[in-house]
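Structural characterization, general
The chain contents come next:
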Amino acid sequence: MATWQDFEHEAPDLAPAVRARFEAHRHHVLATLRKGGAPRVSGTEVQFIGADLTIGSMPGAVKARDLQRDGRFALHSNPADETMAEGDAKISGTAVEILDEVELSAYVSDLPQPPPGPFHAFRLELTEAVLTTVEGDCLVIRSWRPGEPERTVRRP
């Protein structure tokens, strides 16, 4: 697994494009695993803090409980509209709850505004990032996995 910063170092052309998709809109779709193994989708916001991509949650929210039990996730950027003019970004990996008081304090100090009350915070460790765009009549799929070079597939 890799931090966001690792992704930026290993895929310097792809990482900024994926980040732009997550920064273009406030709300995104997070997929987690329920206790029984079925998928659950929830809305979420993301924050880029230091070397990490992070998400927060209200205390006791089902998505937080899912991630505490099994950190595997998939995160889909808000696609904006049907044209996919700027692309469609997806990442997956493992969410790790930030529990260390010093790290949690640093997390809060980097937020635009502190949470209004108790919260959960998770650092997202990446296993894959994908950006899909449309170029003319061609679907272009750019992907990255830690330790591997970026790949591009074109589909007519």
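Structural data are supplied above this passage.
My aim in this report is to walk through the structure given alongside it, one point at a time. (Residues numbered from 1 in each chain as written. Predicted model: local features only at pLDDT ≥ 70, side-chain atom pairs only at ≥ 80, totals over all residues. Heavy atoms only, no water.)

Moving on: the pattern of salt bridges. Applying the stated rule across the entire model yields 12 salt bridges. In this structure, the salt-bridge partner of Asp 66 is Arg 69, at a minimum N-O distance of 2.7 Å. Placement of the pair is Asp 66 and Arg 69 together in helix H3 (residues 62-69), with a separation of 3 residues, close to one helical turn. The exposure class assigned to Arg 69 is partly exposed, which follows from its relative accessible area of 40%. With a closest N to O distance of 3.2 Å, Arg 145 and Glu 128 form a salt bridge. Linking Arg 145 in the loop between strand E8 (138-144) and strand E9 (151-155) with Glu 128 in strand E7 (residues 120-135), this pair joins segments that are 17 residues apart in sequence. Judged by relative accessible area, Arg 145 falls into the partly exposed class, the value being 40%. By relative accessible area, Glu 128 is classed as partly exposed at 22%. Beyond isolated ion pairs, a larger network of salt bridges with shared partners links Glu 8, Arg 19 and Glu 23. (Salt bridge = Lys/Arg side-chain N within 4 Å of Asp/Glu carboxyl O. Helix = DSSP H or I, 4+ residues; strand = E, 2+ residues; numbered from the N terminus. Buried < 20%, exposed > 50% of the residue type's maximum accessible area, 1.4 Å probe, protein only.)

Every buried residue of helix H2 (residues 14-24) is listed here: Leu 14, Ala 15, Val 18, Arg 21 and Phe 22. Projection of H2 onto a plane perpendicular to its axis shows the buried side chains occupying an angular sector of 125°, all on one side. (Arc of directions from axis to C-beta.)

All right, on to the packing of aromatic side chains then. Applying the stated rule across the entire model yields 4 aromatic pairs. Aromatic pair Trp 4 and Phe 48: ring centres 4.9 Å apart, planes at 70°, arrangement edge-to-face. Of this pair, Trp 4 sits in helix H1 (residues 4-10) while Phe 48 sits in strand E3 (residues 46-49), and the two are 44 residues apart along the sequence. Overall, the relative accessible area of 16% leaves Phe 48 in the buried class. Counting every residue linked through ring pairs, the aromatic cluster contains Trp 4, Phe 7, Phe 48 and Trp 144. Geometry around Phe 48 places Arg 19 over its ring, the cationic atom sitting 4.1 Å from the centre. (Phe/Tyr/Trp six-rings, centres within 6.5 Å; stacked < 30°, edge-to-face > 60°. Lys NZ or Arg CZ within 6 Å of the ring centre and 35° of its normal.)

The next thing to look at is the pairing of E9. As defined by bridge partners, E8 adjoins E9 across 5 bridges and the pair is classed as antiparallel. Bridging across to E9, Ser 143 finds its partner in Arg 151. Between E8 and E9, which pair antiparallel in sequence order, lie 6 residues; one of them, Gly 147, sits at a positive phi of approximately 80°. (Pairing = 2+ DSSP bridges.)

Let's shift gears to H3. Working note: α-helix, 3.6 residues per turn, so residues spaced by three or four point in the same direction. Among the residues making up H3, those that are buried are Lys 63, Ala 64, Asp 66 and Leu 67. Across the axial projection of H3, the buried residues extend over an arc of 160°, all falling on one side.

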